[in-house]
Amino acid sequence: MQLTVWTYEGPPHVGAMRVATGMDGLHYVLHAPQGDTYADLLFTMIERRDKRPPVTYTTFSARDLGGDTAELFKNAAKDAYDRFKPEAMIVGASCTGSLIQDDPGGLARSLGLPIPVITVDLPAYQRKENWGAAETFYQLVRALAGPSAPAPGKRRPERSTGVRPTCNLLGPTALGFRHRDDIIEITALLAKLGIDVNVTAPMTATPADIARLGEADFNVVLYPEVAAQAASWLQRSFGQPFTKTVPIGVSATRQFIEEVAVLAGIDPAAVLKASASRLPWYSRSVDSTYLTGKRVFIFGDASHAVAAARVASDELGFKVVGLGTYSREFARDIRAAAELYGVEPLITDDYLEVEAKVQELQPELVLGTQMERHIAKRFGIPCAVISAPVHVQDFPARYAPQMGFEGSNVIFDTWVHPLMMGLEEHLLAMFKDDFEFKDGAQPSHLGAGHAVPQKQPAPETTIENVISVPAAIWAADAENELKKIPFFVRGKARRNTERFANENGVATITIETLYDAKAHYAR
Amino acid sequence: MTIRTQACAVSDTARGDTHPTIRQSGQREVFCGLTGIVWLHRKIQDAFFLVVGSRTCAHLIQSAAGVMIFAEPRFATAIMEEKDLAGLTDANAELDRIVTQLIERRPDIRLLFLVGSCPSEVIKLDLSRAALRLSQKFSPSVRILNYSGSGIETTFTQGEDACLASLVPVIPPMGASECSLLIVGSLADVVEDQFTRLFESLGIGPVEFLPPRKSTALPSVGPNTRFLLAQPFLADTARALEERGAQRLPAPFPLGVEGTTAWLAAAAQAWGVDPAVFEKVTQPYRARAQRALASYKRELAGRRIFLFPDSQLEIPLARFLSRELSMELIEVGTPYLHREHLAEELKMLPVGATLSEGQDVDLQLDRCRAARPDLVVCGLGLANPLEAEGITTKWSIELIFTPIQGYDQAADLAELFARPLVRRARLVA
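Procedures and definitions
Residues numbered from 1 in each chain as written. Chains lettered and ligands numbered in written order. Predicted model: local features only at pLDDT ≥ 70, side-chain atom pairs only at ≥ 80, totals over all residues. Heavy atoms only, no water. Helix = DSSP H or I, 4+ residues; strand = E, 2+ residues; numbered from the N terminus. Rg over C-alpha atoms; globule rule 2.2 N^0.38 Å. Buried < 20%, exposed > 50% of the residue type's maximum accessible area, 1.4 Å probe, protein only. Contact = heavy atoms within 4.5 Å. Lys, Arg positive; Asp, Glu negative; His and termini not counted. Charge placed at Lys NZ, Arg CZ, Asp CG, Glu CD. pLDDT = per-residue confidence, 0-100. Pairing = 2+ DSSP bridges. Axes fitted to C-alpha atoms, helices over the stretch in contact; angles between N-to-C directions. Parallel < 35°, antiparallel > 145°, perpendicular 65-115°, else oblique. Buried area = accessible area lost by both parts, 1.4 Å probe. Salt bridge = Lys/Arg side-chain N within 4 Å of Asp/Glu carboxyl O. Polar contact = N/O pair within 3.5 Å; in protein donor to acceptor, adjacent residues only side chain to side chain.

Visitor: Honestly, the overall build of chain B in this entry has me stumped. Any pointers?
Guide: A tally of helices and strands in chain B yields 17 helices and 14 strands. Scaling as 2.2 N^0.38, a compact globule of 429 residues should have a C-alpha radius of gyration of about 22 Å, and chain B matches this with 22 Å. A burial count over chain B gives 62% of its 429 residues as buried. The long-range share in chain B, meaning contacts at least 24 apart out of those at least 6 apart in sequence, stands at 76%. Between the mean site of the 45 positive side-chain charges and the mean site of the 50 negative ones, chain B shows a separation of 4 Å.

Visitor: Honestly, the confidence of the model for chain A in this entry has me stumped. Any pointers?
Guide: The predicted coordinates ought not to be read in detail in places where the model reports low pLDDT. In this model, chain A carries a mean pLDDT of 90, and residues with pLDDT of at least 70 account for 90%. With pLDDT under 50 throughout, residues 445-468 of chain A is counted as low confidence; its partners more than four residues away or in other chains account for 43 contacts.

Visitor: Hey, could you run me through the sheet that holds strand 3 (residues 75-79) of chain B in this one?
Guide: Pairing between sheet strands relies on hydrogen bonds along the backbone, with the strands arranged either parallel or antiparallel. An order of 1(A)-3(B)-2(B)-4(B)-5(B) is seen for the five strands of this open sheet, with the pairing classed as mixed. Two strands close off the open sheet at either side, each with one partner strand: strand 1 (2-4) of chain A together with strand 5 (143-148) of chain B. The average angle at which neighbouring strand axes cross in this sheet is 25°, direction not considered. Against the sheet, helix 6 (residues 127-138) of chain B touches strand 2 (47-53), strand 4 (111-116) and strand 5 of chain B, its axis set at about 170° to strand 5 of chain B. Taken strand by strand, helix 7 (residues 158-167) of chain B contacts strand 2, strand 4 and strand 5 of chain B, and its axis lies near 140° from that of strand 5 of chain B.

Visitor: Before we go on, may I ask you to explain the confidence of the model for chain B in this structure?
Guide: Residue and element names in this part refer to chain B. Of all residues in chain B, 94% attain a pLDDT of 70 or more, and the chain-wide mean is 92. In this model residues 1-16 is a low-confidence stretch, pLDDT under 50, and it forms 28 contacts with partners more than four residues away in sequence or in other chains. Among the scores for the predicted complex, ipTM is 0.92 and pTM is 0.90.

Visitor: Just to check I follow, could you spell out the packing of helix 8 (residues 179-192) of chain A against helix 18 (residues 404-416) of chain A for this structure?
Guide: A pair of packed helices is captured by two measures, namely the crossing angle of their axes and the spacing between those axes. All names here are of chain A. Two elements in contact, helix 8 and helix 18, have axes whose closest approach is 7 Å; the angle formed by their N-to-C orientations is 140°. Classified by the angle their axes make, helix 8 and helix 18 are oblique. The segment helix 8 lies against helix 18, with Glu185, Ile186 and Leu189 engaging Gly404, Phe405, Glu406 and Gly407.

Visitor: Got a minute to help me understand the interface of chain B and chain A in this structure?
Guide: Accessible area lost when the parts come together is the quantity often used to give the size of an interface. Tallying the contact residues gives 67 residues for chain B and 58 residues for chain A. In this assembly, chain B packs against chain A so that about 5,600 Å² is buried in total across both faces, 60% of it on carbon and sulfur atoms. There are four salt bridges connecting chain B and chain A. Measuring nitrogen to oxygen at the nearest pair gives 2.6 Å for the salt bridge that ties Arg83 of chain A to Asp366 of chain B. One can count 24 residue pairs in polar contact (both at pLDDT 80 or more) joining chain B with chain A.

Visitor: I keep staring at the side chain of Glu357 of chain B and nothing clicks. Help me out?
Guide: Residues and elements named next belong to chain B. In this structure, Glu357 sits in strand 12 (residues 355-359). Residue classification places Glu357 among the buried residues on the basis of a relative accessible area of 18%. Looking at Glu357, its side chain comes within polar contact range of the side chain of Arg23, at 3.0 Å. Polar contacts involving the side chain of Glu357 include one to the main-chain amide nitrogen of Leu337, which spans 3.0 Å.

Visitor: What's the story with the sheet that holds strand 12 (residues 365-368) of chain A in this structure? I'm lost.
Guide: Residue and element names in this part refer to chain A. Spatial ordering of the open sheet is given by 11-10-9-12-13, a layout of five strands whose pairing is parallel. Looking at strand neighbours, the two that pair on one side only are strand 11 (345-347) and strand 13 (383-385), the edges of this open sheet. Within this sheet the neighbouring strands show an average axis-to-axis angle of 15°, counted without direction. Here helix 17 (residues 370-379) sits on the sheet in contact with strand 9 (295-300), strand 12 and strand 13, set at roughly 170° to strand 13.

Written as structure tokens, this is what we have:
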């Protein structure tokens, strides 16, 4: 058993729902008790979908357990077919459904429905949402595209000259972080390169579209968490190579263009030259100098976290002080990236562990999921969301991709806005001795709701006690001197001074200790 | 003070024969009883709810609340893993480990509920024995109880029923010479305080509440306890209280002016309060509430409403909407129809109002679309899809999270139904 307060990922059948809900013409019949229908609201409320997810739940109850739950499943599947007339159906069980061992796949086959029925067996007590999405997508691709795979050993026919190269975009699902806009951005980018998109899947695809995945020359894996497994199978079965670069950030987008150009056999020079993001210039403009070395903590799914670390470090000049993921399946990628930035990788799905890490590191910016938004809000640290799980405000009305050149513009804005602007930081320092300038004055753009970290909010729990108990005591004059330091760096100054005092066996912190520590930690 | 016993509450004419009832079984689009934790943990502030379940349970609770609550909540899930399913001995050892870890982490907790879930019920993990075993270990600083919030046993608000029923056996006994009025069912603190003042003005008391705000301040119960249900979904809790000798005062539920008056009157009658006193005490409240309701009545009168089953509050709500706001009832769905506890309500429902018990959501949606109601009360999974079809909706979960009982909330309750209609009328784009 694992004690869990908040969970980053839902159960694997929610991953299957994300695949089914993103698609058209596919229906999911799920052997599950009534409470499991809550999952519909993820799509209708958080993503504001205007249709119910294409999911039929058998909603068996305790009374049914003594009777014939198998019959219940068959009736539900039959009724769902009659009502929704899907092109294909996936069947499976939720965590409770799997315990009663009714074999949804066998039951559905026994109905003899005139459509493909695909069983998705998701081990609910071992795996989680992203794995469930990946497995479901893979099973769909195998079942629907498999029949048109060339015989083993037979090579793909060469593309005739004059025909535009094509690719599939793999990975976007319902409830994905900015998947809706990433599809548009990358499709447009590929069009500029002269590459057509054959199928985008699972989101926007029908079962018939899945069946013709093999017609493309190569695959673009937008979200490895969902599409890596299917892409590997397509490579083996259809000889379709796939992209390894996730085009988030300017340098990754350029790298992606070059990678795609090789796969498509085209010259990317014109597009590389013409396509521009404002990020590089904004980052070089003088107002951005204050961004230099901002300490940033990054947590999310592995692909978004690794991409965010690269953008933060290379394109914004931040310092990555923490990097982690809740996707254990992709822990290796995070470990490799963490080594690059010289930080300890944090591989966990325990929200409290992430919270403790943020508290320990006291970053100046948190880039995370909606969970880290809560953590950051509690500690009064600016935050931007970079990865699922996300909440309703992360499905903005405006076009806001993460990928491609426009994605880089969006990233610059959304990461930099929570921070104080350079000019503002400068003025705050200038006016800090002004009698009208209140110590707790807030950056004007953050509004009253945004907590200024005047003091650390007392956690309800005992986490704080484990972290550090300062042994050194502050002398009154040192405490006064500390107050003259601008409030937004005061917390760091306090911690550094205490650490310095403790490490050097200083019992009482004087003004001298304060400045000794300042010199010691000077960048 | 003398207590008069109430005359027989349920007459045969109230058996709902005047209301055609649709009974269908199919997909039920409702929450399970675990959802109750979302409001129960706010109500009993020194209690912790530990769900023994799967990742789905954890995901449900954090999703059902709509937004996550900041800081560390007073609930968590012990997520069962493959090895817990293999052997129950191990599962019990694991549970002990988790509970010990939790209590070390949260020394402020005085009451811990082990909450059963679908998977724990199916593998027959005996949480009552676990609660007993762990109680011995942590007594007296922490009391450990258990109940089931599983979706195979409970629907949405039934989780509160199961929780309160689990509290009844540990409620201290009250001597035969004492008497009290017990209000049963979670109410917002502000509503409790209003009712406390009203009962005091009426000379009714002492008044106690279940659940209490602190687990260390449990009410007591004995043969002279009379109880009023504040919520319509408390079948098991009422039965458990009756087994302890307490007597239920039959009444409609305190929604709207009429419901609140009749609810208070049931207690007043049991306490032998002079009707003139009752009239004098309640009249200003009634007048004020009716004034506040008037503008909403103009908005809502004649509008046709369809209620999907959700919280079991549907029948009292329908009674309020039809009698005090002149709305027309198309269909009143409820997950369960407890005819005894709802007898007073059913008597007041307009003759011919169609009820539905249980659900086949697809068929119900067909009926709803065909009826083209002005307003649909439904869960979060259905609301936006119906809005997209041009049907105005009210999320039913807000009726649980908002203080709606009593005189001073009657207009707030009406406003919840008026707002979606007002909004739709305002929007031009």
